[in-house]
Amino acid sequence: MMDAVTLPWDFHPIDGERVRLTALRPDDLEPLYEMQSDPEVCRYLLYEPRSHEKVVEVLARDAGALRLEKPGDYLQPAIRGHDGRFLGTMYLELHSVEDRTAEIGWILLPGSQGQGYASEAAALLLDLCFGELGLHRVYAELDPRNAASVALCTRLGMREEGRFREQMWLKGEWTDTGHHAILEREWAARR
Ligand SMILES: CC(C)(COP(=O)(O)OP(=O)(O)OC[C@H]1O[C@@H](n2cnc3c(N)ncnc32)[C@H](O)[C@@H]1OP(=O)(O)O)[C@@H](O)C(=O)NCCC(=O)NCCS
């Protein structure tokens, strides 16, 4: 059965047991810079470690990305502890309204990794996608060498559906892209 996607959708904070997703705000600048300028964090991202000036620019842009309405619209909420501490960011981009598809992504500060925060934050976004938003399919694209990100997909029940060989010339080398996805009924069966 085809359900309609609930759009436009305006961002509101989302609460989990240990983490909270809220909009980025100006005082996230320093932890966001710490994260986006870290060579280890950026190793498998599409961008090189960012300058302070660049992070000022992307924070202004991403703090305002609060509405999903048409393909290409995205959310970039902060992942925070319940004490307000910045832990990282999530990413959700509407890919197709007709096909009810979105892309998901995640980045944690190095000191926040290894504690399950990204798993919980991603589960909150998948609940949103397949609940309130009425999406059908959510996918993640990543470098197959990014073991932590592959493990996160696996924990969430996202299966690797394909691997595009040397799809990108990135950071001085040909780089594969792994495509991982989960459908609404598969997520419902896990919850
Ligand atoms: C990808 C990334 C977000 C994954 O972070 P992560 O901390 O490994 O993922 P989670 O927050 O889900 O934590 C899982 C880890 O915490 C552990 N953990 C502890 N408590 C946990 C809990 N309550 N629930 C789940 N996992 C828990 C797990 O065992 C796992 O550790 P392990 O890898 O040693 O087995 C992180 O590596 C990162 O930010 N990388 C750099 C940016 C990047 O590459 N992003 C992805 C681009 S595609």
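You'll find the chain entered in an unreviewed UniProt entry as Putative acetyltransferase, with uncultured Microbacterium sp given as the organism.

Let us now look at the site of the ligand. For the ligand, the set of nearby residues contains 20 residues, the closest of which are L108, G114, A118, S119 and N146. With respect to the ligand, the backbone of G114 contributes an N or O atom lying 2.6 Å from an oxygen atom. When isolated, the ligand has an accessible area of 940 Å², and the protein chains bury 67% of it. Taking a 2 Å distance to the grid points as the criterion, the majority of the atoms of the ligand fall inside the largest pocket. Counting only elements with at least two residues in the shell around the ligand, the list comes to β8 (101–108), α4 (117–130), β9 (137–142) and α5 (147–156). When the residues that make up the shell around the ligand are grouped by side-chain class, the tally is 10 nonpolar, seven polar and three charged.

The sites that carry the UniProt feature "domain: N-acetyltransferase" (unreviewed entry) are, in the present numbering, residues 19–189. Along residues 19–189, the helical share is 32% and the strand share 35%, with 23 Å between the first and last C-alpha atoms.

Here we take up empty space enclosed by the protein. This structure, assessed with the given rule, holds two cavities of 30 Å³ or more. Within this model, the largest cavity holds a volume of roughly 50 Å³. Considering the residues around the largest cavity, the lining is formed by R43, Y44, D143, R145, L170, K171, E173 and T175. Here the residues of the lining of the largest cavity sort into two nonpolar, one polar and five charged. By volume, the second largest cavity amounts to about 30 Å³. Along the walls of the second largest cavity sit F11, A23, L24, D62, A65, L66, L75, Q76 and P77, which together make up its complete lining. Looking at side-chain class alone, the lining of the second largest cavity contains seven nonpolar, one polar and one charged residues.

Mapping R50 onto the fold places it in the loop between α2 (39–42) and α3 (52–63). It turns out R50 is buried and unbridged, and the closest side chain with the opposite charge, D62, is 5.4 Å from it.

Next up on the list: the packing of α4 against α5. With their axes 10 Å apart at the nearest point, α4 and α5 run at an angle of 50 degrees to one another. Between α4 and α5, the interaxial angle falls into the category oblique. The chirality of how α4 crosses α5 is right-handed. Here A118, S119, A122, A123 and L126 of α4 lie close against α5, whose contacting residues are L152, R155 and L156. Residues of the contact of α4 with α5, tallied by class, amount to six nonpolar, one polar and one charged.

A few words on the pairing of strand β6 (residues 78–81). Along β6, one buried face is formed by A78 and R80 and the opposite face, lined by I79 and G81, is buried too. Where β6 lies against strand β7 (residues 86–96), three bridges are found, and the strand directions are antiparallel. Counted as the bridge partner of R80 is F86 from β7. Two successive antiparallel strands, β6 and β7, enclose a turn made up of four residues, where G84 displays a positive phi of approximately 95 degrees.

Okay, the layout of surface pockets next. Size it by volume and the largest pocket reaches roughly 1300 Å³. For the largest pocket, the lining is made up of 47 residues, of which L45, W106, I107, N146 and S149 are closest to its centre. Looking at the lining of the largest pocket element by element, the count peaks at six residues for β8.

So, how was this worked out
- Residues numbered from 1 in each chain as written.
- Predicted model: local features only at pLDDT ≥ 70, side-chain atom pairs only at ≥ 80, totals over all residues.
- Heavy atoms only, no water.
- Near = heavy atom within 4 Å.
- Polar contact = N/O pair within 3.5 Å; in protein donor to acceptor, adjacent residues only side chain to side chain.
- Areas by Shrake-Rupley, 256 points an atom, 1.4 Å probe, with all protein chains shown as cover.
- 1 Å grid on protein atoms, 1.4 Å probe; cavity = no way out; pocket = protein on both sides within 12 Å on 5 of 7 lines; lining within 4 Å.
- Sits in = over half its atoms within 2 Å of the grid points.
- Helix = DSSP H or I, 4+ residues; strand = E, 2+ residues; numbered from the N terminus.
- Nonpolar A, V, L, I, M, F, W, Y, C, P; charged D, E, K, R; others polar.
- UniProt positions renumbered as here; feature names shortened; annotations may be inferred.
- Points joined across faces, edges and corners; volume = space filled by probe spheres on them.
- Buried < 20%, exposed > 50% of the residue type's maximum accessible area, 1.4 Å probe, protein only.
- Lys, Arg positive; Asp, Glu negative; His and termini not counted.
- Salt bridge = Lys/Arg side-chain N within 4 Å of Asp/Glu carboxyl O.
- Axes fitted to C-alpha atoms, helices over the stretch in contact; angles between N-to-C directions.
- Parallel < 35°, antiparallel > 145°, perpendicular 65-115°, else oblique.
- Left-handed = near helix turned anticlockwise from the far one by under 90°.
- Contact = heavy atoms within 4.5 Å.
- Pairing = 2+ DSSP bridges.

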